[in-house]
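Observations on the three-dimensional arrangement
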Amino acid sequence: MTRYSPIHRATPKAPTLLPRIVEGCAFLFYISLIYKMDGIGVVCLLVLCGCALFLPVFRKFMVSKLAVASILYVAMATVTAFLVSPGEGFYRTAQFVILVLATAVIAVYFTNVSPARRELLIRRFAILTAVIFGHMVLYHLATGHLTTWKYLYDTKSVLSISVILIFFYEDGITLKFGRVAFYAVILLLFILLMISGERKAYILFAVVYLFSREALAVKLGIMVIGAVALATLAALAPPDSYVARQVESLVKEKREMQIGEFYGIENIGDQSDIIRDFVNRMAWEQFKEHPVLGLGGTGYQVWSKANFGLATDSRGLAMNVHGEIHRVPAEGGVVGIAVAVMFYGLLILAVGRDFLYRVKRQISSSSRAPLYVLSFLLTYASVEALDTFMLELILLFGFVMAARLSSMGKTAASGRNHNLPPQRSRRRFHLA
């Protein structure tokens, strides 16, 4: 696994219990996001904010272009709720402040610990994700859902996270068990993804495999074979096969419906593709009416409920807008679009620079992790409704990539200045 140099130091006054508190709250916050336990999540965030008193949170990388763009993106999605109402504005601003500070604590801590400890934390995160994955599968099988594993809060997110983790450990699995074992693992994962019906995970699996360490010719050959197999499945499966319909929906061109047709569909909210098409069109109309700042954070959902009623009364028409490409114009206007373009542009550049830098020094599966996470973020943000999970993903990934770029700059500078006297070492977290 790639060894990274620590780029920030802990203060000498940091209590010995602090690392356990930060790690425990970070893992518990992850669980709260997956299982939608809002109360526990808020407590974890507040405790992490308290830890900022003992950690040097406001480091140089926190004022870098990427970190600032990450903060602005989240601010546009939350603080602008003042355009909706003062109450909504104060609530979302408090959410913004707490989330940014707590995420900064996690990012600074993660980039500050020893490489051995960081590896242990990633391993524990992988184990926790596997446990949630198993719980999700058992829950759906026990409740009679042999396919369509999306009825247990937000546990479907671990399907995509599992793709990242398995390919992150590609080298470790291959070294310990052999290449055949690695392909057996990803084949099993692929089968589970197909059964789950989670289309985002289908796409992510293909993209991450394309970025993996396998030889390009082998990757292209296997992807062609996989595409043929999926096409055969879609053609031969029964008409009522949910998995086959999900696969077919990825490539089948949809007929553009007239607006009036949407209102005549009973329980339109149960037909995800159709309702998302309707919601996205409504969001675009709101952008045209409010082109500069949009409706403000959470504005579309408020507008939708005011016009269509509660979800139970509107047959699903009041669903929130899905996909940042549609939400950002509706709720942020031209200003929001500019912030989003800046954030994603800087993030993509940072990931590209990081990949080229790491590959020159050590070609490993773990060095490709930012590429995998970027693929996940782009896939997730393109089709899902904005929630705390997405806000946290944007902030944490943006901060960590800003820290990695800062680390690259320091390493390069030290390599160019061999004649400079060595810096006095300062204490960091050593918990391995």
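First things first, this report covers the structure right here in the doc.

With that out of the way, let us pick up unusual backbone geometry. Non-glycine residue lysine 36 carries a positive phi angle of around 55 degrees. Owing to a relative accessible area of 38%, lysine 36 belongs among the partly exposed residues under this scheme.

What follows deals with helix 9 (residues 199-211). Helix length check: helix 9, at 13 residues, gives a terminal C-alpha distance of 19 Å against a target of 18 Å (1.5 Å per residue), a fit within 8%. Within the sequence span of helix 9, burial applies to Arg199, Lys200, Ala201, Tyr202, Leu204, Phe205, Val208 and Tyr209.

This brings us to the packing of helix 1 (residues 18-34) against helix 4 (residues 86-112). Each pair of packed helices can be summarised by the angle the axes make with each other and by the distance between the axes. Relative to each other, helix 1 and helix 4 sit at 120 degrees, their axes nearing to 11 Å. Between helix 1 and helix 4, the interaxial angle falls into the category oblique. Once helix 1 is placed against helix 4, the crossing between them reads as left-handed. Counted together, Pro19, Val22, Glu23, Ala26 and Phe29 of helix 1 and Leu99, Val105, Ile106 and Tyr109 of helix 4 form the full contact between these two elements.

The next point concerns the nonpolar core. By size, the foremost hydrophobic cluster in this structure holds 103 residues, and its most contacted members are Phe167, Phe343 and Phe399. At 14 residues, the largest contribution of residues to this core is made by helix 17 (residues 388-416). Ile275, Val279, Ala283 and Ala318 belong to the second largest nonpolar core, which has 12 residues in total.

It is worth spelling out the environment of tyrosine 35 at this point. Along the chain, tyrosine 35 falls in the loop between helix 1 and helix 2 (38-51). The spatial distance from the C-alpha of tyrosine 35 to the C-alpha of threonine 155 is 6.7 Å, given a sequence separation of 120 residues. Those residues within four positions of tyrosine 35 in sequence are excluded, and the remaining contacts are Ile132, His135, Leu152, Tyr153 and Thr155. In terms of polar contacts, tyrosine 35 uses its side chain to reach the side chain of histidine 135, at 2.7 Å.

Tracing the backbone through its elements, the reader meets serine 364 in the loop between helix 15 (324-361) and helix 16 (369-383). Its relative accessible area of 4% is what places serine 364 among the buried residues. One polar contact links serine 364 to serine 366, side chain to side chain, over a distance of 3.2 Å.

This part takes up the packing of helix 3 (residues 65-78) against helix 4. Two elements in contact, helix 3 and helix 4, have axes whose closest approach is 9 Å; the angle formed by their N-to-C orientations is 155 degrees. By the angle class used here, helix 3 and helix 4 are roughly antiparallel. Note that helix 3 runs across helix 4; the crossing there is right-handed. Between helix 3, through Ile71, Val74, Ala75 and Thr78, and helix 4, the contact on the second element is made entirely by Arg92, Gln95, Phe96 and Val100. Residue composition of the contact of helix 3 with helix 4, by class: five nonpolar, two polar and one charged.

Relative to the helices and strands, isoleucine 122 resides in helix 5 (residues 115-142). A relative accessible area of 18% places isoleucine 122 in the buried class. Contacts of isoleucine 122, omitting those with residues within four sequence positions, involve Phe110, Phe168 and Tyr169.

Across all of its chains, the model carries 14 salt bridges by this definition. Residue arginine 404 is joined to aspartate 354 by a salt bridge in which the shortest nitrogen-to-oxygen separation is 3.0 Å. With a gap of 50 residues between them, arginine 404 in helix 17 and aspartate 354 in helix 15 connect regions that are remote in the sequence. Among the charged side chains, a network of salt bridges with common partners joins Lys156, Glu198, Lys200 and Glu384.

About the criteria used
Residues numbered from 1 in each chain as written. Predicted model: local features only at pLDDT ≥ 70, side-chain atom pairs only at ≥ 80, totals over all residues. Heavy atoms only, no water. Buried < 20%, exposed > 50% of the residue type's maximum accessible area, 1.4 Å probe, protein only. Helix = DSSP H or I, 4+ residues; strand = E, 2+ residues; numbered from the N terminus. Expected span 1.5 Å × (residues − 1). Axes fitted to C-alpha atoms, helices over the stretch in contact; angles between N-to-C directions. Parallel < 35°, antiparallel > 145°, perpendicular 65-115°, else oblique. Left-handed = near helix turned anticlockwise from the far one by under 90°. Contact = heavy atoms within 4.5 Å. Core = buried A, V, L, I, M, F, W, Y, C linked by side-chain atoms within 4.5 Å. Polar contact = N/O pair within 3.5 Å; in protein donor to acceptor, adjacent residues only side chain to side chain. Nonpolar A, V, L, I, M, F, W, Y, C, P; charged D, E, K, R; others polar. Salt bridge = Lys/Arg side-chain N within 4 Å of Asp/Glu carboxyl O.

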